[in-house]
Amino acid sequence: MTALLPLIPILPLGGFVLTGLLGRRYPDDAHRIAVWAVVASWVVASIVAVMALLHASPFGTGGAGITLWTWIPANGFASGFNASMGLFVDPLTACLLIVVTTIGMLVHVYSIGYMAHDPGRWRFFAYLNLFMFSMLLLVMADNFLLVFAGWELVGLCSYLLIGFWYPRRTAAVAAKKAFLVNRIGDMGFALGIMAIWTQLGTLNMQDVFAKFGSVPHEWQIAIALLIFCGAVGKSAQFPLHVWLPDAMEGPTPVSALIHAATMVNAGVYLVARCNPIFGAAPEVMVVVAAIGIFTAILAASIAFTQTDIKRVLAYSTLSQLGYMFASLGVGAWTAAIFHLMSHGFFKGLLFLDSGSVIHSVDGEQDMRKMGGLARKIPITYATMLVGAVAISGVPPLAGFFSKDEILGGAFKNGFLWVWAIGFVVAGMTAFYMFRLMGMTFWGPSHVDPEVEHHIHESPRSMTGPLILLAIPAALLGLAIGFPPETGLLHQWLAPVFASTIAASGHTEAAYNFFGVDGALAIGTTALVAVAIVLAWRLFGVEIPVLGLRAQPRPDQVREISARRGLALLYKGSFNKWWFDDINNKLFVEWGGKLAAAAFWFDRTVVDGTVNGIGTVTAGAGGWLRRVQTGRVQNYALGIALGLILVAAGYLVIAAR
Amino acid sequence: MSGLPILSLITFLPLLGAVLIAVLPSGDPNLIRRTALGTALATWVLSLILLVAFARTQAGFQFTEAADWIPSFGIQYKLGVDGLSVLMVVLTTTLSWISILASFGPIKFRVKEYMISFLVLEVGMIGVFVALDLFLFYIFWELVLVPMYLIIGIWGGANRIYATMKFVLYTLVGSLLMLVAILATAFTYQAATGSWAGAFDYEKLQAFAAAGSFGQNFQLLAFLALFLAFAIKVPMFPFHTWLPDAHTEAPTAGSVILAGVLLKLGAYGLIRFAVPLYPYAAHTFAWPIIVLSVIAIVYGAIVSIVQPDLKRLIAYSSVSHMGFVTLGIFVFTATALQGAILQMINHGLITGGLFLLVGVVYERTHDRSIAKMGGLAATMPIWSTVFGFFILASAGLPGLSGFVGEFLVFVGSFVYAPGIVVASIIVMVLVATYLLWMFQRVAFGPVSDFLAGLGDHVTDMSRVEFATLAPLAALIVVFGLFPSLILDFLNGPVQHFLVAAGSAVGG
């Protein structure tokens, strides 16, 4: 059984190689290889994942793996560094395998239609395959160095795909920005890996977790913090969140797959995977929760006012990832993975829907130039509505269950402040999502008349994946998250987190609908309902319910905030709280000046000294020329003096 | 293989080729080119035979050859290889034939002199790596200088005279100091043993050093002299400023050899001679050298960011990358030293490739300024893909060879003192900054006016150009996934180095 594991990443790797090699010769057909490679990978991954989730042999509750070869050998040295090329699957990996391969496969299919008219289609599919390989390597790696390899490779694919339309300067700049900001986090991750090696002499994850209790506590804190640095970069948490919105320069299927459903989850996966490390450093858990919930509300506040449909979704992704980190930080481990899965499906769906919308209005992404699209692209509308309802947390869709578990976990584990902020964010989420729905689908059309008459629903290869994704977005919660806290997912993942939870001392009270849990769920749901109604009222209703018919204008949020004296808040939100401007000043401008100063130093001081010595020597040479008198006696004298000097020096040295 | 003097064959086969070319008619450059390539390929094949025949698990030097040369001073013609020198020899022979092949198009005048210089250069480089007699080592070391001086000075760019004079004078200062150190060491040995026999013999001297027989003050002086010679060659900060000038002016193949092999001579000298002969001094000066290495890593990367010229950028990046090598040597851990040696090989492959790629563009545009480029991904897609690959390798992408070497140096240094790595890890961001920003300006965006003006001249890579890069790319992937192919050779040399360096701690 474990012999199947290598197939899962290798199939898309083979697809990448073949598509890349054959693409130039068969530009119209090469992408088929890539699609079938991912389908095959999905089949194998599904079998493996089901076995692992059922705790069947050989996986059991602890997982099972296979070592392919010794990547870096210790080479006969007692404490020589070593790392293996090994894969490992346990229930946690299995959850990720399902998300990655399923959404990956659907995005591949969707892209057949979406990229149909792009001459670089084969290149696009080759990169997508490379991404699948890298992401699968990341989640299946059995040691930290190999995780890091996958980690960097997904970053590379993200770079290649954000910059896919490279003649567009903004795309090239955004791609570079994503890679660099990620690398800032990766520095921390790399240091963490070195610290683990120095402390424990192994990088195999299961060994590290087993021995981690023996590490001195200050190193436990350092290691947890450093690993979290990596997670902050990859999952775009404050203060490294700035790359993700710009990453929307990439083709929309990329936004769906990499920048919503899979790669950005890698940080959440890593922290969850390292739960024994974080469990040993509760101080760091608080940091995780704080960063997470702060990112959640920060990003939600920005999503309020953005007008680019993909950017709203990007900030929403930041916000939802923040939820997941908050969940990890408060010790609600399973809830975080639950939200990772449900978010993967509904956010993947929302992005593909946005792609379908953009496709239908000729590439327009500004929601102020949309409106009234519901009737014209009904499948896109219906599936996007499912996604919006799901992310808003309306029962019984997926988002309701996973978000409810996070808020409940925060409340019951004593993190009231996390709960309180999370509660507010739940309302904000529902509002900005229905603002998006309203501006895009409802009310009168603001579409450019030129474009208006050829608005069309997308081809079946695109709507098919939408429908298929809408199913888990709607039903995943009921399927694996119900009844709350005892559903299938909890049974699957229990062994992964059991010892950490036991060590943390949080004894989980049974879920009680007629008690605190029910009260929290009803409270959140009520807030969400109010937010949806509010957005509905502001951004247009087609059905005259409760007299809520309104004539929506695109800039409602701005007008209202101006009227209520909140113009500054609006400005802050609209300008993304000026993070990009600060970074630009700090790193691009001042960093550039520093580099220029260093270069000046190199030319004038370092090289200047060298050339100065050269000039002085040349001058001295001119003076010394006079010594060349042509008289042999003078030379003989010089030679004798020199010999005496050398001999004296030699004697002095030898005497020591 | 026992009776066959394979090391002498490998070393002097290129000389034979050079003599042969000298008698060929100058009027037939293609014949000269093919003869040169054939010689280099034959040397390469011989070195591969050596690689296969070499017993990796056996400690000490193999294939040794010894004959008296100047018996009155104990100077011998003594050759021998351990795992480190075998790898360096193969790196040299590989890059040599690739460089000669890459010179077919660009070198159009004085082909005969060029190819002779190149083959003589190869003799010197191989000789440095196989010499086990210090005097012989010095001869080979200086032999390298002459052809390189000619290659830059005759076939170089506009400012070639300034660059080549600087290169030669700078290196000469170092090597004269080295000669003084070598002579002083031999005198000391002779004075202690009463005989000249073995006074220049590396193995004898090393055993002498291991016994703690070199006095501490003597060690400090001799080490400093040798270190300066090697540090200039590496080049370490602050002795690096000859490198950007030399690289910028050298013809493409000259840059490839300069970066790929010549810089390694310095690192090799540190590992082979400076530390094992003067271990007390090596430990005494370890921290200052570590600090200089960290400065080189970070400073080289920062300065790279603002370079306007493609070659100059790669030259400064070499300062940064070679900083890893010197760092890995002077933290005295097995992990870091193995990383340093990997880095020597990887830097040769990767930076050699980068210079070849810049050469490809230069051939078409006669320009290397980054500001004039733009949109090459559209006009030269294959070149851009290969360039991107080498850039990622240089940026340390896991799965490619550069990553393993740099990571091992970092891990080994972290074990020695975490602060070293904390101070230099920022290079992870800097390296991506200068490389990706450069790549963005060169390959992405709309096609620049300058390139558009050249029209059809900007064609994609030719088959020959691709053939020079494909082997390097293949090796970068293979060594990235299977670094043990190299590491297998290194147990013996690293063990030897650590024992030799460790023997000083008491003395």
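Above this text sits the structure in question.
Criteria and thresholds
Residues numbered from 1 in each chain as written. Chains lettered and ligands numbered in written order. Predicted model: local features only at pLDDT ≥ 70, side-chain atom pairs only at ≥ 80, totals over all residues. Heavy atoms only, no water. Helix = DSSP H or I, 4+ residues; strand = E, 2+ residues; numbered from the N terminus. Rg over C-alpha atoms; globule rule 2.2 N^0.38 Å. Buried < 20%, exposed > 50% of the residue type's maximum accessible area, 1.4 Å probe, protein only. Areas by Shrake-Rupley, 256 points an atom, 1.4 Å probe, with all protein chains shown as cover. Lys, Arg positive; Asp, Glu negative; His and termini not counted. Charge placed at Lys NZ, Arg CZ, Asp CG, Glu CD. Salt bridge = Lys/Arg side-chain N within 4 Å of Asp/Glu carboxyl O. 1 Å grid on protein atoms, 1.4 Å probe; cavity = no way out; pocket = protein on both sides within 12 Å on 5 of 7 lines; lining within 4 Å. Points joined across faces, edges and corners; volume = space filled by probe spheres on them. Nonpolar A, V, L, I, M, F, W, Y, C, P; charged D, E, K, R; others polar. Axes fitted to C-alpha atoms, helices over the stretch in contact; angles between N-to-C directions. Left-handed = near helix turned anticlockwise from the far one by under 90°. Contact = heavy atoms within 4.5 Å. Pairing = 2+ DSSP bridges. Polar contact = N/O pair within 3.5 Å; in protein donor to acceptor, adjacent residues only side chain to side chain. Core = buried A, V, L, I, M, F, W, Y, C linked by side-chain atoms within 4.5 Å.

1. Remarks on the overall build of chain B
At step 1: Scanning chain B from N- to C-terminus turns up 23 helices and two strands.
At step 2: For 507 residues, the compact-globule estimate of 2.2 N^0.38 gives 23 Å, and the C-alpha radius of gyration of chain B, at 22 Å, lies within 12% of that figure.
At step 3: The principal-axis extents of the C-alpha atoms in chain B amount to approximately 75 × 60 × 40 Å.
At step 4: Going through the 507 residues of chain B one by one, you find that 66% of them count as buried.
At step 5: Counting only carbon and sulfur atoms, one obtains 69% of the accessible surface of chain B, whose full area is about 15,200 Å².
At step 6: If the 20 positive side-chain charges of chain B are averaged to one point and the 21 negative ones to another, these points end up 4 Å apart.

2. Thoughts on the pattern of salt bridges
All names here are of chain B.
At step 1: Summed over the entire model, instances satisfying the criterion amount to 20 salt bridges over all chains.
At step 2: Here Arg312 and Asp245 are joined by a salt bridge, their closest N and O atoms 2.9 Å apart. Separated by 67 residues along the polypeptide, Arg312 in helix 13 (residues 310-330) and Asp245 in helix 9 (residues 242-249) bring together distant segments of the chain.
At step 3: Residue classification places Asp245 among the buried positions, given a relative accessible area of 10%.
At step 4: Linking Glu465 and Arg364 is a salt bridge whose minimum nitrogen-to-oxygen distance equals 2.8 Å. Linking Glu465 in helix 21 (residues 463-481) with Arg364 in helix 14 (residues 334-365), this pair joins segments that are 101 residues apart in sequence. Note on accessibility: Glu465 and Arg364 belong to one class, buried.

3. Remarks on empty space enclosed by the protein
Residue and element names in this part refer to chain B.
At step 1: Tallied over the entire structure, the rule returns ten cavities of 30 Å³ or more.
At step 2: Within this model, the largest cavity holds a volume of roughly 200 Å³.
At step 3: What lines the largest cavity is a set of 17 residues, among which Gly396, Phe403, Glu406, Phe410 and Met428 lie closest to the centre.
At step 4: Per-element accounting of the lining of the largest cavity gives the leading share, four residues, to helix 17 (residues 401-416).
At step 5: Of the residues assigned to the lining of the largest cavity, the class counts are eleven nonpolar, three polar and three charged.

4. A closer look at the layout of surface pockets
At step 1: The computed volume of the second largest pocket comes to approximately 1,200 Å³.
At step 2: Lining the second largest pocket we find 31 residues, and of these Leu180, Asn583, Phe587 and Val588 of chain A together with Thr433 of chain B sit closest to its centre.
At step 3: Contributing elements (two or more residues each) for the lining of the second largest pocket: helix 6 (169-200) and helix 25 (579-624) of chain A together with helix 12 (286-305) and helix 19 (427-443) of chain B.
At step 4: Ranked by residue count, the leading element in the lining of the second largest pocket is helix 25 of chain A, at ten residues.
At step 5: Across the lining of the second largest pocket, the residue classes break down as 19 nonpolar, six polar and six charged.

5. What to know about the packing of helix 9 of chain B against helix 13 of chain B
All names here are of chain B.
At step 1: Contact geometry for helix 9 and helix 13: axes closest at 8 Å, N-to-C directions at 140°. Like other packed secondary-structure pairs, helix 9 and helix 13 cross with a definite hand, here right-handed. Contact residues: Leu243, Pro244, Asp245, His247 and Thr248 in helix 9; Lys311, Arg312, Ala315, Tyr316, Ser318 and Val319 in helix 13.

6. With respect to the pairing of strand 2 (residues 83-89) of chain A
Residues and elements named next belong to chain A.
At step 1: Most of strand 2 is tucked away: seven of the seven residues are buried.
At step 2: The two faces of strand 2 match: Ala83, Met85, Leu87 and Val89 on one face and Ser84, Gly86 and Phe88 on the other face are all buried.
At step 3: Looking at chain direction, strand 1 (residues 64-72) and strand 2 are connected through seven bridges and run antiparallel. Of the residues in strand 2, the one forming a bridge with Ala64 is Val89.

7. Some points on the side chain of Asp246 of chain A
All names here are of chain A.
At step 1: Locating Asp246 in the fold gives a position in helix 9 (residues 243-246).
At step 2: Polar contacts involving the side chain of Asp246 include one to the side chain of Arg311, which spans 3.5 Å.
At step 3: Apart from residues lying up to four places away in sequence, Asp246 is in contact with Ala174, Lys177, Arg311 and Asp580.

8. Some remarks on the nonpolar core
At step 1: Grouped together as the largest cluster of nonpolar side chains are 440 residues, with contacts concentrated most on Phe144, Ile277 and Phe278 of chain A.
At step 2: Look past the residues within four positions of Phe278 of chain A in its chain and what remains in contact with it is Ala224, Ile227, Phe228, Val271, Val284, Met285, Val288 and Trp333 of chain A.

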